[in-house]
Structures are given as C-alpha cells and as structure tokens.
Amino acid sequence: MSLDHNKAVVRRLFDELVNGYDLHVVDEIIAPDIVLHDPVFGTAGGIDMFKQLLGVFRTAFPEQHTTLDVLTAEGDLVTALHTHTGRHLGPFMGMPPTGKDIHIEGLELYRVADGKIIEFWRHDDDAGLLRQLGAIPEPATAPAD
C-alpha cells in the first residue's frame, strides 16, 4: 500500500470512528489480531481489546472531538499528532463524571498492512488529563527569584 493509502486508513479512524463513532468502521480498518501498546492498559491484542479501549474513552467523554494536527507516514507506519477536546460526562477509571472540559494532546503511531491497522501505540498526555479532571494535583511551580 502507498503512504497516502496508509494515511487515509488512519484518517478514517479519526474522522469516522473516533469523531463519528461509526462502529462499522472498526471491522473495515482494524485487523482482528491488532496489537495495542497503551501506557495505562499495557500491551494487549485483539479487536475486542481495541473496542474496549475505545469504549472507555467514549463512555467518559461522549461528546469528545479529536483534531488531527499532523499526519505523517513512512513505510508501513503512520504517526498522528492530535488534540482531544471534550467534557467529562461519564465514569473514567473509577472517577465519577466531573463535567470538566478537557484539552489533551497526543501522539500515536499506527502500523498499517493491507488497508488495516495491525499495531497501535497510544501516547496521549494522560497525566495532563488527570490533572484537568482534578484527580492529581497541578505540579508545583518554582518560586520566583
């Protein structure tokens, strides 16, 4: 597949699945044996685990929107620099809804083969998300000299 085709697959993930929440797209662009690398959930495999990860965030932030800031490709890899915005309206990692707005940047890497995503690395600013939700304190600032 061409670099442009691989980028189009990842763009569909964001446009149709993440933003549009069209779950039919999962079977079209996600390999059944996808491997996920996630700093919170660890390394896991399978399309059901992908759907579970998607569901965790969709439940907590049902009105979220993701903007693709930069999309690059090299070989079978596609990198997406993106920004999530939304409001915390559902439970998230044991935390009740706060109603707080979020603005989170992230960098994800996808391996694409035969028109499907076969591997996924998620590196969103999870600490920033937890700070915005009030789950962890803001970092202390150094006193001015």
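The structure this text deals with has already been given above.
What this report covers is the structure whose coordinates are included nearby. Quick caveat, the model's predicted, so the values are computed rather than measured.

## With respect to the side chain of Asp 38
And then number 1: Locating Asp 38 in the fold gives a position in strand 1 (residues 30-38).
And then number 2: Residue classification places Asp 38 among the buried positions, given a relative accessible area of 8%.
And then number 3: In this structure the side chain of Asp 38 is engaged in a polar contact, spanning 2.8 Å, whose partner is the backbone nitrogen of Phe 41.
And then number 4: Of note is the side chain of Asp 38, whose polar atom sits 2.3 Å from the side chain of Arg 122.
And then number 5: Sequence-distant contacts of Asp 38, that is, excluding residues within four places in its chain, are made with Leu 53 and Arg 122.

## Points about the sheet that holds strand 1
And then number 1: Spatial ordering of the open sheet is given by 2-1-6-5-4-3, a layout of six strands whose pairing is mixed. Two strands close off the open sheet at either side, each with one partner strand: strand 2 (42-45) and strand 3 (65-74). Averaged over neighbouring strand pairs, the angle between their axes works out to 20 degrees when direction is ignored.
And then number 2: Two strands pair when backbone bridges link them, and strand 1 and strand 2 are joined in this way by four bridges, in the antiparallel orientation. What sits directly across from Leu 36, in strand 2, is Ala 44.

## Some points on the pairing of strand 6 (residues 116-124)
And then number 1: In terms of strand pairing, strand 1 meets strand 6 through four bridges, oriented parallel. Residue Ile 30 lies in a different strand from strand 6, and its bridge partner there is Ile 117.
And then number 2: Where strand 5 (residues 101-113) and strand 6 come together, eight bridges link them in antiparallel fashion. The residue of strand 6 that forms the bridge with Gly 106 is Asp 124.
And then number 3: Linking strand 5 back to strand 6 in an antiparallel pair, the connection comprises two residues, with Asp 114 at a positive phi of about 50 degrees.

## Brief notes about helix 3 (residues 47-60)
And then number 1: For helix 3, with 14 residues, the first-to-last C-alpha span of 20 Å sits near the 20 Å given by 1.5 Å per residue.
And then number 2: For helix 3, every residue scored as buried is listed here: Ile 47, Phe 50, Leu 53, Leu 54, Gly 55, Arg 58 and Ala 60.
And then number 3: Where helix 3 is buried, its residues meet helix 1 (3-19), helix 2 (24-29), strand 1, strand 4 (77-87) and strand 6.

## Overview of a nonpolar patch on the surface
And then number 1: A cluster of nonpolar side chains, contributed by Val 40, Phe 41 and Met 93, occupies part of the molecular surface with about 270 Å² of accessible area.
And then number 2: Tracing the backbone through its elements, the reader meets Phe 41 in the loop between strand 1 and strand 2.

Rules behind the numbers
- Residues numbered from 1 in each chain as written.
- Predicted model: local features only at pLDDT ≥ 70, side-chain atom pairs only at ≥ 80, totals over all residues.
- Heavy atoms only, no water.
- Helix = DSSP H or I, 4+ residues; strand = E, 2+ residues; numbered from the N terminus.
- Buried < 20%, exposed > 50% of the residue type's maximum accessible area, 1.4 Å probe, protein only.
- Polar contact = N/O pair within 3.5 Å; in protein donor to acceptor, adjacent residues only side chain to side chain.
- Contact = heavy atoms within 4.5 Å.
- Pairing = 2+ DSSP bridges.
- Axes fitted to C-alpha atoms, helices over the stretch in contact; angles between N-to-C directions.
- Expected span 1.5 Å × (residues − 1).
- Patch = residues over 30% accessible without salt bridge, like charges linked within 9 Å, V, L, I, M, F, W, Y side chains within 5 Å.
- Areas by Shrake-Rupley, 256 points an atom, 1.4 Å probe, with all protein chains shown as cover.
- Salt bridge = Lys/Arg side-chain N within 4 Å of Asp/Glu carboxyl O.

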